[in-house]
Structure formats: structure tokens, C-alpha cells
Amino acid sequence: MCGNDFAPDETGLLAEVERAERALLTAPEAPRGAAAEAPTGALHFDELIAAEQKIEPRDWMPDAYRKTLIRQIAQHAHSEIIGMQPEGNWISRAPTLKRKAILLAKVQDEAGHGLYLYAAAETLGINRDELVEMLVSGRQKYSSIFNYPTLTWADIGAIGWLVDGAAIVNQVPLCRCSYGPYARAMIRICKEESFHQRQGYEILYTLSHGTAGQKAMAQDAVDRWWYPSLAMFGPPDGDSTHSEQSMAWKIKRFSNDDLRQKFVDMCVPQAEILDLKLPDPDLHWNAEEGRHHYTQPDYTELMRVIKGDGPCNRQRMAHRRRAHDDGAWVREAAAAYAKKKAAA
Ligand code: BYC
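Along every chain, residues carry numbers that run from 1 in the direction the sequence is written. A pLDDT threshold of at least 70 governs which residues receive local features in this predicted model, and a stricter bar of 80 or more applies before side-chain atom pairs are shown or counted, although totals over entire chains, interfaces and linings include all residues. As a rule here, side-chain values cover all heavy atoms of the structure and leave hydrogens and water aside.

Visitor: When you look at the overall build of the protein in this model, what are you seeing that I'm missing?
Guide: Numbering goes from the N terminus for both helices and strands, where a helix is a DSSP run of H or I of at least four residues and a strand is a run of E of at least two. Counting secondary structure elements, the protein contains 14 helices and two strands. Within these notes, the globule rule equals 2.2 Å times the number of residues to the 0.38 power, and the radius of gyration is based on C-alpha atoms. The C-alpha radius of gyration of the protein comes to 21 Å, within 12% of the 20 Å expected for a compact globule of 344 residues. Counting only C-alpha atoms, the protein reaches 65 × 60 × 35 Å along its principal axes. Contact between two residues is taken to exist if any of their heavy atoms lie within 4.5 Å; hydrogens are not considered. Of the contacts made within the protein by residues no fewer than 6 positions apart, 76% connect residues no fewer than 24 positions apart. Split by element, the accessible area of the protein, about 16500 Å² in all, is 57% carbon and sulfur. One way to put it: in the protein the 41 positive side-chain charges average out to a point 6 Å from where the 47 negative ones average out. Here the accessible surface of atoms and residues is derived via Shrake-Rupley with a 1.4 Å probe, and residues count as covered only by protein chains that are part of the display. Here the positive residues are Lys and Arg and the negative ones are Asp and Glu; neither His nor the chain ends is included. In this description, the location of a charge corresponds to atom NZ of lysine, CZ of arginine, CG of aspartate or CD of glutamate.

Given below as C-alpha cells:
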């Protein structure tokens, strides 16, 4: 086993993505329940959700459903774009040409994920300029995890293993999200994320089986990224404002705590193979409950980071705003070219 998605049987995460992809392809032929007889309005929407059908941009949907999706998909897209920064920090310092090429490709993939997601959000009637404006003005969020610094090369391994690992656990169920364009975007993203997770795992494996100094560097990275990765899943269920409604609408399929638990249960055997310790002295198997008991992350810290007061929030936002301003001429040139072509 060499990563979250290496389970060879039908229980693996990639097998779940395959199943979601098949369901998406066959959804149009599946029974549409009463929706077929009542093709507009709330009844139509409720029936489509109940029948496990996809809501498409042409379908009527409650305004709150649309707003929730715009919020979540936009935050997700912004996370992919901001997430390029901590890794981009290591492109010029990767230890070999091969590592550099792999990291470059990975960071490029994140840009692609951002684009699929902005495109999915646009199907809900908002345009990308507005979404980017909401990010740079601080009105929309991005994942807390990208406000932590990447101090050593081992951090690139820890991000791949833990951050991309957490991302996959969170995102595989989104392949079954009730909103068609988001679910379809997630299929491709999850397949690509599984490569990302493997490259991180392989970096850590190499370091942890290298010199004592390399192993210590890998352990230090895991020590720093473990709790922020657990916090990525969001506040505990009791404090999650959106989960109940999002689960009723089948946008989210599992609660924040259920996914966090799944992630911990997956990481424990993988850490053993890496020969690295997860930094939680209370972590142990609870046979009665059939899951690991673990120490919760510091949710006060999560809330502080979300509100803008993490170790790198200011740096990340300043960089994003600078990149946006620097790219103004490209946007202007593209718009002028499109106008010229349309006129011709
Ligand atoms: N960071 O009611 P809740 C990636 C906010 S990309 C920041 O539970 P929800 C990757 C939440 O927005 C990783 N904010 O919310 C990329 C809400 O605030 P608002 C991103 C967070 O939406 C590149 C409030 O707290 N993944 O992995 O039901 C390289 C209450 O929370 C966080 C996604 O975006 C957080 N960690 O559930 C490598 C996946 N947690 O909006 C990797 C899609 C919570 O009311 N998103 N908040 O002001 C989701 O699955 C859900 O939005 C969440 C939160 C599970 C994150």
C-alpha cells in the first residue's frame, strides 16, 4: 500500500470515483420520479434530489441552494488557486530535476482545478470576474490549510500525503453531489488529486528511509501538518452552520466529523508504512467503536485562521492581489482580441 487510494478492491477511494462517474453517465436514463410529470418549480427540484438525479443549470432551484453552491464551489476554486503558493515556493528548490518537473506539473494541475471549478460556479449565474473580486476583496474564503508555511522540502511531501489526502477524502463524496456541473468537475479533480497524494507519500517515504537527518525532517513536517490537515474538514458537526441543509440537498454526503474520522482511520496504517509517527499521544484503536480515537484539532485556531489571522494569510492575499494586478494586461489583451475576432 502506498497511499490513500491504493486499496485494490472495490472499497478504495478511486473505485468510489469510478462508481460516481458511472452514475453520472447513466443518470439521464434513470427514473426521474414525479419530476417527469412536474417539470418546474420546487416539487420538480425535490423529486430530482429524492431520485438521486442531478440538478442541472437549466433546472429550477431554490435561491438558497444556488447561493450555497456558489459559496462552496467558489471557496473551493479559490483554495486551488491560493494552494499553488505554498508549493510554488519549492519549485525552484526541489532537490532534483525530476522532483522539480513533478512539482511543476502538480502546481499546474491546481490551476486547472481552479478553472474547472470557476467554470462550474459560472453555470450558477455568476461570472469569474465577480468571484475573483470577492476573493481579492476578502469577501470569500479559501481553505485554512494554505495559511501555513512550507519550511522544508519535506513539507511538500506532507502536503501531498496529508493535505491532498484530506482533500481526496473530502472530495470523493462530492463526485456524487446533487449539482451536475460540480459533480462532473470533481471526477477529474479526484483522479488528479490521487496522483498528487501519491507523489507526496513517495517523497515522505524516500525521506523517512534515507539518512537520520532526512527522517527527522520528514517527521517534523508531519508534526506540523497533522492538526491543520484535520482542521481542513471544518468545525465539528455541532458548530457546522451549513452541514445539515447541505446534506439534505445532497451537496455534502457526509458530515465534517465523519470525513475527519475516515481520514484518521486511513492515515494510521499509512504512517506505519512510512515509519513516521502521527503527533497524537492519545491516538489509539477503539475496538468497541471500530475506529481510532484521536485528539481533535484546535478549532479556536481554525476560526482564527479562517478570519484572516493565520501565519501566512496576509502574505497569501498580498501575493494573490499582486498577481491579479500584474495579469491585468493579459485580460485586457484577451478581451481586445475576442472583440476583434467577433467583429471580423
Ligand atoms: N477553511 O458550516 P461549515 C485542496 C468555513 S482545496 C476555511 O461546516 P461547509 C487542495 C465555512 O466556509 C481544499 N473555511 O461549512 C488544493 C463556513 O463559513 P461561511 C478546499 C472553512 O461549507 C490545492 C464556516 O466555516 N476544499 O484541498 O458546510 C492543493 C462553517 O463551516 C473551513 C474544498 O473547498 C476551512 N477548512 O463545510 C492541494 C472542498 N472549514 O462560508 C489541496 C469543498 C469550514 O459560512 N468544500 N470553513 O462564511 C467543502 O467540502 C465544505 O465547504 C467544507 C466546509 C467541508 C470545507
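Visitor: Honestly, unusual backbone geometry in this entry has me stumped. Any pointers?
Guide: Working note: non-glycine residues mostly have negative phi, and peptide bonds are mostly trans. Positive phi outside glycine occurs at glutamate 52, with the angle close to 60 degrees. Although it is not a glycine, lysine 250 sits at a positive phi angle of roughly 60 degrees.

Visitor: Can you help me understand the packing of aromatic side chains in this one?
Guide: The geometry of two aromatic rings is summed up by the distance between their centres and the angle between their planes. Centres within 6.5 Å are what make two rings of Phe, Tyr or Trp a pair, Trp counting through its six-membered ring; a difference in plane orientation under 30 degrees is then read as stacked, over 60 as edge-to-face, and the rest as tilted. The final tally for this structure, using the stated rule, is eight aromatic pairs. For the ring pair tryptophan 161 and tyrosine 201, a centre distance of 6.1 Å and an interplane angle of 75 degrees mean the geometry is edge-to-face. Pair noted here: tryptophan 161 is in helix H7 (residues 153-171) and tyrosine 201 is in helix H8 (residues 180-208), with a separation of 40 residues, a long-range link. On the basis of relative accessibility, which here comes to 0%, the residue tryptophan 161 falls in the buried class. The classification of residues rests on relative accessible area computed with a 1.4 Å probe and restricted to protein chains. Under 20% of the type maximum is buried, over 50% is exposed, and intermediate values are partly exposed. The exposure class assigned to tyrosine 201 is buried, which follows from its relative accessible area of 0%. Judged by centre distance (5.9 Å) and plane angle (20 degrees), the ring pair of tryptophan 226 and phenylalanine 263 falls under stacked. Pair noted here: tryptophan 226 is in helix H9 (residues 212-231) and phenylalanine 263 is in helix H11 (residues 256-274), with a separation of 37 residues, a long-range link. Overall, the relative accessible area of 0% leaves tryptophan 226 in the buried class.

Visitor: I keep staring at helix H5 (residues 97-122) and nothing clicks. Help me out?
Guide: Working note: α-helix, 3.6 residues per turn, so residues spaced by three or four point in the same direction. Here the expected length of a helix is defined as 1.5 Å per residue gap, with one fewer gap than residues. The end-to-end C-alpha distance of H5 is 38 Å, a good match for the 38 Å that 26 residues give at a rise of 1.5 Å each. Where H5 is buried, its residues meet helix H3 (63-82), helix H4 (84-88), helix H6 (128-136), H7 and H8.

Visitor: Mind showing me how you'd approach the site of the ligand here?
Guide: It suffices for a single heavy atom of a residue to lie within 4 Å of a molecule or strand for the residue to be listed as near it. Within the structure, the ligand sits among 30 residues, and Lys141, Ser240, His242, Lys252 and Asn256 are positioned closest to it. In protein, a polar contact requires one atom able to donate a hydrogen and another able to accept it; more generally it is a pair of N or O atoms within 3.5 Å, and residues adjacent in sequence count only if both atoms are side-chain atoms. At 2.7 Å from an oxygen atom of the ligand is found a side-chain nitrogen or oxygen belonging to serine 240. Listing elements by their share of the shell around the ligand, those giving two or more residues are H3 and H7. Among the elements that take part in the shell around the ligand, H3 stands out by supplying six residues, more than any other. Gly is put with the polar residues, along with every residue not named as nonpolar or charged; the nonpolar set is Ala, Val, Leu, Ile, Met, Phe, Trp, Tyr, Cys and Pro, and the charged set is Asp, Glu, Lys and Arg. Residue composition of the shell around the ligand, by class: ten nonpolar, 14 polar and six charged.

Visitor: What's the story with the nonpolar core in this structure? I'm lost.
Guide: What tends to happen in soluble globular proteins is that the nonpolar side chains get buried as a cluster. Here, the term nonpolar core denotes a set of buried Ala, Val, Leu, Ile, Met, Phe, Trp, Tyr and Cys residues that are joined through side-chain atoms within 4.5 Å. Counting residues in hydrophobic clusters, the biggest one holds 84 residues, and the most contacted among them are Trp161 and Tyr179. Examining the composition of this core, we find that eleven residues originate from one element, H7, more than from any other. Beyond its immediate chain neighbours, meaning those up to four positions away, tyrosine 179 contacts Ile55, Glu56, Pro57, Met61, Tyr65, Leu69, Ile73, Ala120, Thr123 and Leu124.

Visitor: What is the right way to look at helix H2 (residues 41-50) in this model?
Guide: Of all the residues in H2, the buried ones are Gly41, His44, Phe45, Leu48 and Ile49. Here the buried residues of H2 occupy an arc of 130 degrees about the axis, which is enough to place them on one side. Contacts from the buried residues of H2 go to H3 and helix H10 (243-248). Once H2 ends, the next one or two residues include glutamate 52, with phi positive near 60 degrees. Working note: the arc is built from the helix axis to C-beta atom directions.

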